[in-house]
Structures are given as structure tokens and as C-alpha cells.
Amino acid sequence: MSRRSKGFSRERELARILWKKGFAVLRAPASGAKTRRLAYPDLVALKNGIILVFEVKTREKPGIVYIEKKQFMKFMEFVRRSGGYGYIAVKIVDGRGWRFIPVDKVEETRGGNYKVSLENIENGLRINDLVKIADRTRSIMEFI
């Protein structure tokens with residue numbers, strides 16, 4: 001399976017997971033292909049008026065995720081225009097599952113591109129955290 005096919009497969013996997021959790025989900029039909037002038041994210045999930053926008057990345061094992069500047073800037077433009085919350089969705093294939101890193105945790109590299117550190121990936125949100133955000137529920141620990 002090509003790298004591109006694996007990426008599409010991960011996007012579809014995340015779309016199915018979010019759908020099962022009650023989100024309405026859209027996958028950009030051509031993210032990365034013939035849409036160079038437009039700013040399409042990989043996925044958009046909506047629930048209870050909350051908009052979550054995702055750029056999907058995959059790692060075979062834990063490590064830093066790099067994002068090209070142009071790709072990240074287009075992603076951020078879509079997040080801004082939508083008024084939603086932007087996340088880098090990272091699937092660690094070694095069994096750790098999905099992590100969702102808010103865009104404010106993405107760091108600029110010396111070369112002008114962007115990265116998500118291993119620490120931020122490991123501390124990233126889980127799928128149930130996204131459900132809580134969309135359901136606007138809070139943990140009892142937040143009140144203590």
C-alpha cells in the first residue's frame with residue numbers, strides 16, 4: 001500500500017470513529033490534490049455547533065511530526081475562516097492509537113516549517129476528550 005493510500009485510510013478510519021461518537025464528519029475529497037489554491041483540511045467534524053478541524057498525520061512509532069509551512073498555513077486559514085478548533089490528529093500505529101494536538105501546541109522550526117514534539121503528542125487529547133469538548137461537558141476535577 002502506498003504512503004498516500006495509507007494516509008487516506010487513516011483519514012477514513014478517523015472519520016468513522018468520530019461518526020460513531022456522534023459527530024457529523026466531512027473528509028476533504030481531494031486534500032492535497034488539485035486544490036493547491038484552496039485551503040482544505042483533511043477532516044472537519046461538527047457536533048452541537050462545535051467545529052473541529054483536523055490535519056491527519058501517521059507515525060509508525062513515536063516521534064516528532066513535521067508539517068510543511070505551506071500546508072500548515074493553509075490549514076490555519078481554514079481553521080480561522082471556520083471559527084473552529086484546529087487539531088493535528090496523529091495516529092501512532094504501534095497500538096497507542098490517536099492523539100489530538102491543539103494547533104497552539106505546534107511549534108515553528110528553524111527552517112520555517114512546523115513540528116509537533118513527541119511530548120505534545122504523548123500529552124495530546126484522546127477521542128473522549130474531543131467528545132467532551134463538543135458536548136460541552138466538564139470533568140468534576142475542574143471544579144475542585
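To start, this report covers the structure provided alongside it.

Conventions we followed
- Residues numbered from 1 in each chain as written.
- Predicted model: local features only at pLDDT ≥ 70, side-chain atom pairs only at ≥ 80, totals over all residues.
- Heavy atoms only, no water.
- Pairing = 2+ DSSP bridges.
- Helix = DSSP H or I, 4+ residues; strand = E, 2+ residues; numbered from the N terminus.
- Buried < 20%, exposed > 50% of the residue type's maximum accessible area, 1.4 Å probe, protein only.
- Phe/Tyr/Trp six-rings, centres within 6.5 Å; stacked < 30°, edge-to-face > 60°.

**Observations concerning the sheet that holds strand β7 (residues 107–108)**
Taken in spatial order, the 3 strands of this open sheet run β4-β8-β7, and their pairing is antiparallel. Bordering the open sheet on either side are β4 (65–67) and β7, each of which pairs with just one other strand. Across 3 bridges, β4 lies against strand β8 (residues 114–116) in antiparallel orientation. Each bridged residue has a counterpart across the sheet, and for Tyr66 the counterpart in β8 is Lys115.

**Describing the pairing of strand β3 (residues 50–59)**
On any regular strand, side chains alternate: one points to one face of the sheet, the next to the other face. Counting buried residues in β3 gives 7 out of 10 residues, a clear majority hidden from the surface. In this sheet, β3 lies alongside strand β2 (residues 43–47) in antiparallel orientation, the contact comprising 5 bridges. Across the sheet, the residue bridging to Lys47 is Ile50, located in β3. From the end of β2 to the start of β3, which pair antiparallel, there are 2 residues, and Asn48 there has a positive phi angle of about 55°. Sheet topology places β3 next to strand β5 (residues 85–92); 8 bridges connect them, and they run parallel.

**Quick notes on the packing of aromatic side chains**
Enumeration over the complete set of coordinates arrives at 5 aromatic pairs. Relative to Phe75, the ring of Phe72 has its centre 6.4 Å away and its plane inclined at 40°; by these criteria the two rings are tilted. Here Phe75 and Phe72 lie together in helix α2 (residues 69–82), a separation of 3 residues that amounts to about one turn. For the pair formed by Phe72 and Phe75, the shared burial category is buried. Their ring planes at 10° and their centres at 6.2 Å tell us that Trp98 and Phe100 sit as a pair that is stacked. Under the relative-accessibility criterion, Trp98 is labelled buried at 10%. An aromatic cluster is defined as three or more aromatic residues linked by ring pairs; in this entry it consists of Phe54, Tyr87, Trp98 and Phe100.

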